[in-house]
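Structural characterization, general
Read off the chains here:
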Amino acid sequence: RSSCAERMRQRSERRVKVTIRAAHPEDGKAISRLIREELDVPVSAADITHALANLCVNPRHRIFAASIDGVLVGFLHLCDYDSLLLHVPMKLVLSMAVGGSYRRVGIGTALLKRAERHAAESGAGGIRLDAPAQFDDGAKAFFAHCGYTAEPQTRYEKLFEDTKGGYENGLLIL
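So, here is what we can say about the structure in this document. All chains use their own residue numbering, which begins from 1 and follows the written sequence. Totals for whole chains, interfaces and linings use all residues, but because this is a predicted model, local features are given only for residues with pLDDT of at least 70 and pairs of side-chain atoms are given and counted only at 80 or more. Note that the side-chain values use all heavy atoms of the structure and ignore hydrogens as well as water.

1. A short note on the overall build of the protein chain
In plain terms, the rule: Here a strand is any run of E in DSSP of at least two residues, a helix any run of H or I of at least four, and the numbering for each starts at the N terminus. For every residue, the accessible area (1.4 Å probe, protein chains only) is compared with the maximum for its type, and the residue is labelled buried under 20%, exposed over 50%, or partly exposed between those bounds. Here, two residues are considered to be in contact whenever any of their heavy atoms come within 4.5 Å of each other. Every accessible area reported is derived by Shrake-Rupley at a probe size of 1.4 Å, with residue values counting cover from the shown protein chains alone.
Helix and strand content of the protein chain: 5 helices and 7 strands. Reading the protein chain from its N end, one meets helices and strands in the order α-β-α-α-β-β-β-α-β-α-β-β. The buried share of the protein chain, taken over its 174 residues, is 29%. Nonlocal contacts in the protein chain, meaning residues at least 24 apart in sequence, comprise 58% of its contacts between residues at least 6 apart. Entry remark: accessible area of the protein chain is about 11500 Å², with carbon and sulfur atoms responsible for 53%.

2. Examining the packing of aromatic side chains
Rules: A pair of Phe, Tyr and Trp rings is counted when the ring centres sit within 6.5 Å of each other, with Trp represented by its six-membered ring. The angle between the planes then sorts it: under 30 degrees is stacked, over 60 is edge-to-face, the rest tilted.
One pass over the structure, following the stated rule, counts 2 aromatic pairs. Arranged with centres 5.0 Å apart and planes meeting at 70°, the rings of Phe 142 and Phe 143 form a pair that is edge-to-face. The exposure class assigned to Phe 142 is partly exposed, which follows from its relative accessible area of 23%. In this structure Phe 143 comes out as buried when scored by relative accessible area, which is 11%. Residues Phe 143 and Tyr 148 carry aromatic rings whose centres are separated by 6.0 Å and whose planes lie at 80° to one another, so their mutual orientation is edge-to-face. The structure contains a cluster of three or more aromatic residues connected by ring pairs, namely Phe 142, Phe 143 and Tyr 148.

3. Let's talk about the nonpolar core
What counts is decided by this rule: Throughout this description, the term nonpolar core refers to a set of buried Ala, Val, Leu, Ile, Met, Phe, Trp, Tyr and Cys residues connected via side-chain atoms within 4.5 Å.
Within the largest apolar cluster, 20 residues are counted, with the highest numbers of intra-cluster contacts made by Leu 76, Leu 78, Met 96, Ile 107, Leu 111 and Ile 127. For this core, the secondary-structure elements that each account for two or more residues are strand 2 (61–68), strand 3 (71–81), strand 4 (90–98) and helix 4 (107–121). Of the residues forming this core, the biggest block, 5 residues, is contributed by helix 4. Core analysis: the second largest hydrophobic core is formed by 12 residues, Ala 23, Leu 34, Ile 48 and Leu 52 among them.

4. Some details on the side chain of His 61
Here is the rule we go by: For the purposes of these results, a polar contact is taken to be a pair of N or O atoms within 3.5 Å, where, inside protein, one atom must be able to donate a hydrogen and its partner to accept one; residues adjacent in sequence count only when each atom of the pair is a side-chain atom.
By the element assignment, His 61 lies in strand 2. Within the structure, the side chain of His 61 is placed 2.8 Å from the side chain of His 77, a separation counted as a polar contact. Those residues in contact with His 61 that sit more than four places away from it in its chain are Leu 55, His 77, Leu 78, Cys 79 and Leu 94.

5. Re the side chain of Asp 80
Structurally, the position occupied by Asp 80 is in strand 3. Discounting chain neighbours no more than four positions away, the residues touching Asp 80 are Arg 60, Met 90 and Lys 91.

6. Section: unusual backbone geometry
The backbone of Asp 69 shows a phi angle near 50°, a positive value even though the residue is not glycine. Within the fold, Asp 69 resides in the loop between strand 2 and strand 3. According to the relative accessible area criterion, Asp 69 is exposed, its value standing at 78%. Positive phi, close to 65°, is recorded for Arg 104, a residue that is not glycine. If you trace the backbone, Arg 104 turns up in the loop between strand 4 and helix 4. Assessed through its relative accessible area of 53%, Arg 104 is described here as exposed.

Rendered as structure tokens:
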């Protein structure tokens, strides 16, 4: 059984040079693959490319892409979160994924730090994320390690049919 120091050394040896940039519609294929494989949500590259084309020009949304040697290996989707009940504007992480073979090398941390920097620069008082019930222990530990605290809450939702395509598995089909 390795010591904490040994595990930290091994982890730092696995760190890689990660580039964080704004996502663009051309990332649709890679992001849709991450959504399917890491979030287990059935989406098509065409639908994600279409969504990116709309979201990337919307000032209330920021989508960050993480790449290693030009290969997209993770993303984070952040949006404005304003409420009468909050005393400061916030940001909300709508989705985030890092490719399985690229986990535990600093990519998720780099994405969150970039999102936090953007939030602070835009005057937000913090970031919130809603974790699905099936959130695994590794993800919970990751967010706790990054300084996020869990608050008990129950979320209710009702999805409406959309005249263009409707909803499937909780996702709007355009």
